[in-house]
Amino acid sequence: RHCRKDELRECKRAYEVCVRAAPAGEGYSEAVCECSDEYYGVCSRRAGCASALMTQCVDEMAKWKCESSVCGSNCVDQGNGVIPPGSHIVPVNNFGANALRFSVCFRTLNARSLNRFGMVVQERCQPHDFHLCPYWVPPTTFTAIALPRNASYLKVEFC
């Protein structure tokens, strides 16, 4: 999928109208969260732009103290806080009937082989080396996942 900018502009207009219509004072934050859910969770996904807006979505949701799982699956720092610069944002098309579970491993080059023989050998991850991402990608969803920049393996399982 590609980000269709015309559709995204329409989504942004609808989002801005929604935010302007939000009640002032108490209840404003909840109304902005609902507008953001629609914009980031529904409309931007339909336009194919969810992965491009993931970092912006997480920042916006944190600003208004909204539930950020609508932004995608943040696998960096177990989903806590903002997405650090340099993280990889990967679009995920889950058109299947099962949920997807992601996990990452941080194994690197075998330093002994490199120092001793000058050979570049990637260490293999064992099952206990993988760190589970905190959110699953539900069925029939187009979303994004944020991965740590130093992850060397990505495992995808369906459930």
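Here the structure is a predicted model, which means the values were calculated and not measured.

Visitor: Residue-level account of the sheet that holds strand E5 (residues 141-147), with values.
Guide: Overall, mixed pairing links the three strands, which are arranged E1-E5-E2 in an open sheet. The open sheet has two edge strands with one neighbour each: strand E1 (73-74) and strand E2 (88-94). Bridge count for E2 against E5 is seven bridges, and the pairing is antiparallel. Across the sheet, residue Val 90 finds its bridge partner in E5, namely Ile 145. Contacting E1, E2 and E5, helix H3 (residues 54-64) runs over the sheet at an angle of about 85° to E5.

Visitor: Give me the pattern of salt bridges: which residues, what numbers.
Guide: Pairs can form between side chains of opposite charge once their charged atoms are near each other. Within the structure shown, the criterion is met by six salt bridges. Here Arg 9 ties to Asp 6 by a salt bridge, and the two come within 2.4 Å at their closest N and O atoms. With Arg 9 and Asp 6 both in helix H1 (residues 5-20) and three residues apart, the pair spans about one turn of that helix. On the basis of relative accessibility, which here comes to 44%, the residue Arg 9 falls in the partly exposed class. With a relative accessible area of 55%, Asp 6 lands in the exposed category. With a shortest N-O distance of 3.2 Å, Glu 123 and Arg 107 are connected by a salt bridge.

Visitor: Describe the nonpolar core, naming the residues involved and giving the relevant values.
Guide: Counting 24 residues, the largest nonpolar core has Tyr 39 and Met 61 as the members making the most contacts within it. Elements supplying a minimum of two residues to this core: H1, helix H2 (28-46), H3 and E5. Ranked by residue count, the leading element in this core is H2, at six residues. Core analysis: the second largest hydrophobic core is formed by nine residues, Val 92, Phe 102, Val 137 and Ile 145 among them.

Visitor: Tell me about a nonpolar patch on the surface, and please be specific about residues and values.
Guide: Taken together, the side chains of Leu 109, Leu 114 and Val 120 make up a nonpolar region of the molecular surface, amounting to roughly 250 Å² of accessible area. As for its placement among the helices and strands, Leu 109 is situated in the loop between strand E3 (100-105) and helix H4 (111-117). By relative accessible area, Leu 109 is classed as partly exposed at 38%.

Visitor: Quick rundown of the sheet that holds E3? Include the residues and the values.
Guide: Taking strand neighbours across the sheet as the criterion, the three strands line up as E4-E3-E6 in an open arrangement whose pairing is antiparallel. Two strands in the sheet have a free side with no partner beyond their single neighbour: strand E4 (131-132) and strand E6 (153-158). Relative to E6, E3 runs antiparallel, the two being bridged by six bridges. Bridge assignment links Ser 103 to a residue of E6, and that residue is Lys 155.

About the cut-offs
Residues numbered from 1 in each chain as written. Predicted model: local features only at pLDDT ≥ 70, side-chain atom pairs only at ≥ 80, totals over all residues. Heavy atoms only, no water. Pairing = 2+ DSSP bridges. Helix = DSSP H or I, 4+ residues; strand = E, 2+ residues; numbered from the N terminus. Contact = heavy atoms within 4.5 Å. Axes fitted to C-alpha atoms, helices over the stretch in contact; angles between N-to-C directions. Salt bridge = Lys/Arg side-chain N within 4 Å of Asp/Glu carboxyl O. Buried < 20%, exposed > 50% of the residue type's maximum accessible area, 1.4 Å probe, protein only. Core = buried A, V, L, I, M, F, W, Y, C linked by side-chain atoms within 4.5 Å. Patch = residues over 30% accessible without salt bridge, like charges linked within 9 Å, V, L, I, M, F, W, Y side chains within 5 Å. Areas by Shrake-Rupley, 256 points an atom, 1.4 Å probe, with all protein chains shown as cover.

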